[in-house]
Amino acid sequence: DAGITQSPRHKVTETGTPVTLRCHQTENHRYMYWYRQDPGHGLRLIHYSYGVKDTDKGEVSDGYSVSRSKTEDFLLTLESATSSQTSVYFCAIGGTSGGNNYEQYFGPGTRLTVT
Amino acid sequence: GENVEQHPSTLSVQEGDSAVIKCTYSDSASNYFPWYKQELGKGPQLIIDIRSNVGEKKDQRIAVTLNKTAKHFSLHITETQPEDSAVYFCAAQRGANNLFFGTGTRLTVIP
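Residues numbered from 1 in each chain as written. Chains lettered and ligands numbered in written order. Predicted model: local features only at pLDDT ≥ 70, side-chain atom pairs only at ≥ 80, totals over all residues. Heavy atoms only, no water.

1. Considerations on the overall build of chain A
Note the following rule: Numbering of helices and strands runs from the N terminus, with a helix taken as a DSSP run of H or I at least four residues long and a strand as a DSSP run of E at least two residues long. Our radius of gyration looks at C-alpha atoms and nothing else; its globule reference is 2.2 Å times the residue count to the power 0.38. Per-residue accessibility, obtained with a 1.4 Å probe over protein chains only, is compared with the maximum for each type, and a residue is labelled buried under 20%, exposed over 50%, and partly exposed between these values. The Shrake-Rupley method, run with a 1.4 Å probe, gives the accessible areas here. Residue values count only the displayed protein chains as cover.
If you tally the helices and strands in chain A, you get zero helices and 11 strands. Written out in order from the N terminus, the α and β elements of chain A read β-β-β-β-β-β-β-β-β-β-β. The C-alpha atoms of chain A give 13 Å as radius of gyration, which agrees with the globular expectation for 115 residues (13 Å, within 12%). Buried residues in chain A amount to 49% of all 115 residues. A total accessible area of about 5300 Å² is found for chain A, and carbon and sulfur atoms account for 46% of it.

Quick look at the structure:
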């Protein structure tokens, strides 16, 4: 998994509670991403970071916030979890391989269930 | 934004046969097209990619073709083996952050 770890790997939480997922990389890549994977939707980008303290929204950012205080760590927070946020969450890291395109490598995922 | 469509959603082939998965994209500015393989319980694994200035790329038993005019690209797997069974995703990217995925193809290789 390209030097990427995610924690926790599984979590069950109740509606309305805050949840933080952590992504840690050992590859020193500049770009880090959070995706969610749902049946019938493939993977969709939630937020991404292009450097320490530099983040931006993705396609499905509502209800999520992120923070990156160190190059190696990227946190995803659900301020008040809802059942619609039950999903598998993947972190990815990106490094340039020429031009403006960045190959992305994915972590093992976190399965989150909101009851 | 970009819209990536992927077909078929499921594909079964006999071991040793070829498998082809096709994707179309909508944004003519997309210029990078990776393919990922995802095994059960794991994260997607990058298996091959192609850039818009190239029409075809091959890596052993897998190859990808790109038709920029028609805005479609395909993954070809030859001499399939049981370990090729997985879900495959295509994606299209423009820039460093805009990676849009297809909905996946579940490939089953029958021994």
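Moving on from the model shown.
2. Brief notes about the sheet that holds strand β3 (residues 19–25) of chain A
All names here are of chain A. So the rule is basically this: Strands qualify as paired when DSSP identifies two bridges or more between them. Helix axes are fitted to C-alpha atoms over the stretch in contact, other axes to C-alpha atoms as well, and angles between N-to-C directions run from 0 to 180 degrees.
In space, the four strands of this open sheet follow the order β1-β3-β8-β7, with antiparallel pairing throughout. Only two strands of the sheet have a single neighbouring strand rather than two, namely β1 (4–7) and β7 (64–70). Adjacent strand axes in the sheet meet at a mean angle of 20 degrees, parallel and antiparallel pairs treated alike. Pairing of β3 with strand β8 (residues 73–78), which is carried by six bridges, proceeds in the antiparallel orientation. Counted as the bridge partner of Thr20 is Thr77 from β8.

3. Regarding the sheet that holds strand β3 (residues 19–25) of chain B
Residues and elements named next belong to chain B. Taken in spatial order, the five strands line up as β1-β3-β8-β7-β6 in an open sheet, and their pairing is antiparallel. Lying at the two open borders of the sheet, with one neighbouring strand each, are β1 (4–7) and β6 (56–59). Averaged over all pairs of adjacent strands, the angle between strand axes in this sheet comes to 15 degrees, irrespective of strand direction. Pairing geometry for β6 and strand β7 (residues 62–67), over four bridges, is antiparallel. Looking at the pairing, Lys57 lines up with Val64 of β7.

4. So, the pattern of salt bridges
All names here are of chain A. How we decide: Salt bridges are defined by distance alone: a side-chain nitrogen of Lys or Arg within 4 Å of a carboxyl oxygen of Asp or Glu.
Tallying each qualifying case throughout the model produces 10 salt bridges over all chains. The partner of Lys70 in a salt bridge is Asp73, with the nearest N and O atoms 3.3 Å apart. Ionic contacts of the salt-bridge type, sharing partners, join the residues Arg22, Lys70 and Asp73 into one network.

5. Some details on the pairing of β7 of chain A
Residues and elements named next belong to chain A. Across five bridges, β7 lies against β8 in antiparallel orientation. From the neighbouring strand, Tyr64 faces β8, where its bridge partner is Leu78. Counted between consecutive antiparallel strands, the loop separating β7 from β8 contains two residues.

6. Remarks on the interface of chain A and chain B
The condition that has to hold: By definition, residues are in contact when any of their heavy atoms lie within 4.5 Å. Accessible-area loss on putting two parts together, using a 1.4 Å probe and summing over both, is the definition of buried area adopted here.
Taken together, the contacts link 24 residues of chain A with 21 residues of chain B. Carbon and sulfur atoms supply 52% of the area that chain A and chain B bury against each other, a total of about 1700 Å² over both sides. Joining chain A to chain B, the criterion identifies one salt bridge. Between Arg51 of chain B and Glu103 of chain A there is a salt bridge, with its nearest N and O atoms 3.8 Å apart.

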